[in-house]
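# Survey of secondary and tertiary structure
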Amino acid sequence: LTARAEGGGEIVAVPTKILLPDIEDQIVDVTVSARHSCALTESQKLYCWGDNLSRQFGDPNITRTFHAQPQLIQESLTQGFQSLTSGTHFTCAKL
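Small disclaimer: the values here were computed from a predicted structure and weren't measured.

Rules used throughout
- Residues numbered from 1 in each chain as written.
- Predicted model: local features only at pLDDT ≥ 70, side-chain atom pairs only at ≥ 80, totals over all residues.
- Heavy atoms only, no water.
- Pairing = 2+ DSSP bridges.
- Helix = DSSP H or I, 4+ residues; strand = E, 2+ residues; numbered from the N terminus.
- Axes fitted to C-alpha atoms, helices over the stretch in contact; angles between N-to-C directions.
- Salt bridge = Lys/Arg side-chain N within 4 Å of Asp/Glu carboxyl O.
- Buried < 20%, exposed > 50% of the residue type's maximum accessible area, 1.4 Å probe, protein only.
- Core = buried A, V, L, I, M, F, W, Y, C linked by side-chain atoms within 4.5 Å.
- Contact = heavy atoms within 4.5 Å.

## Overview of the sheet that holds strand β4 (residues 36-41)
Sheet architecture is open: four strands sit in the order β3-β4-β5-β6, paired in antiparallel fashion. Only two strands of the sheet have a single neighbouring strand rather than two, namely β3 (27-32) and β6 (66-72). Neighbour to neighbour, the strand axes of the sheet diverge by 10° on average, direction disregarded. Across four bridges, the pairing between strand β5 (residues 46-51) and β6 is antiparallel. Bridge pairing in β6 places cysteine 48 opposite glutamine 71.

## Remarks on the pattern of salt bridges
Scanning the entire structure with this criterion turns up one salt bridge. Among the salt bridges present, the one from arginine 35 reaches aspartate 51, with a minimum N-O distance of 3.5 Å. On the criterion of sequence distance, the pair formed by arginine 35 in the loop between β3 and β4 and aspartate 51 in strand β5 is long-range, its members being 16 residues apart. When its relative accessible area of 37% is taken as the criterion, arginine 35 is described as partly exposed.

## Focus on the nonpolar core
One finds Cys38, Leu40, Leu46, Cys48, Phe57, Ile62, Ile73, Phe81 and Leu84 forming the largest nonpolar core, which totals nine residues. At the level of elements, β4 and β5 are the ones that each hand at least two residues to this core. Those residues in contact with leucine 46, other than ones at most four positions away along the chain, are Cys38, Ala39, Leu40, Gln71, Leu72, Ile73, Thr78, Phe81 and Leu84.

## Describing the pairing of strand β8 (residues 90-94)
Consecutive side chains along a regular strand alternate between the two faces of the sheet. As defined by bridge partners, strand β7 (residues 83-87) adjoins β8 across five bridges and the pair is classed as antiparallel. The residue of β8 that forms the bridge with serine 86 is threonine 91. What sits between β7 and β8 in their antiparallel hairpin is a turn of two residues.

## Description of the pairing of β4
When you tally the buried positions in β4, you get six out of six residues, the bulk of the element. Burial along β4 is two-sided: His36, Cys38 and Leu40 facing one way and Ser37, Ala39 and Thr41 facing the other are all buried. The turn linking β3 back onto β4 is made up of three residues. Where β4 and β5 come together, five bridges link them in antiparallel fashion. Counted as the bridge partner of alanine 39 is tyrosine 47 from β5. As consecutive antiparallel partners, β4 and β5 are separated by four residues, and within that stretch glutamine 44 has a phi angle of approximately 70°, a positive value.

Below is the structure:
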């Protein structure tokens, strides 16, 4: 989902097809919040897209802006991740 402002400034969720980069393994978990989404692969690679203004992606090397395309999060940050959850301004992982 992506969000867009309607005429009166109301934010509306819009289903949007996102193509993940070529990956060799399967997606094992996905989390979707009002402003960003993340997908975890079986090899513990984490891809996030959407709003990163509050550093929801958890990677200090990714700019604090909106990302329409999935961003690969540093693999050193995602070791041991089993599942994901998120809210408007955060992403959490179960180890």
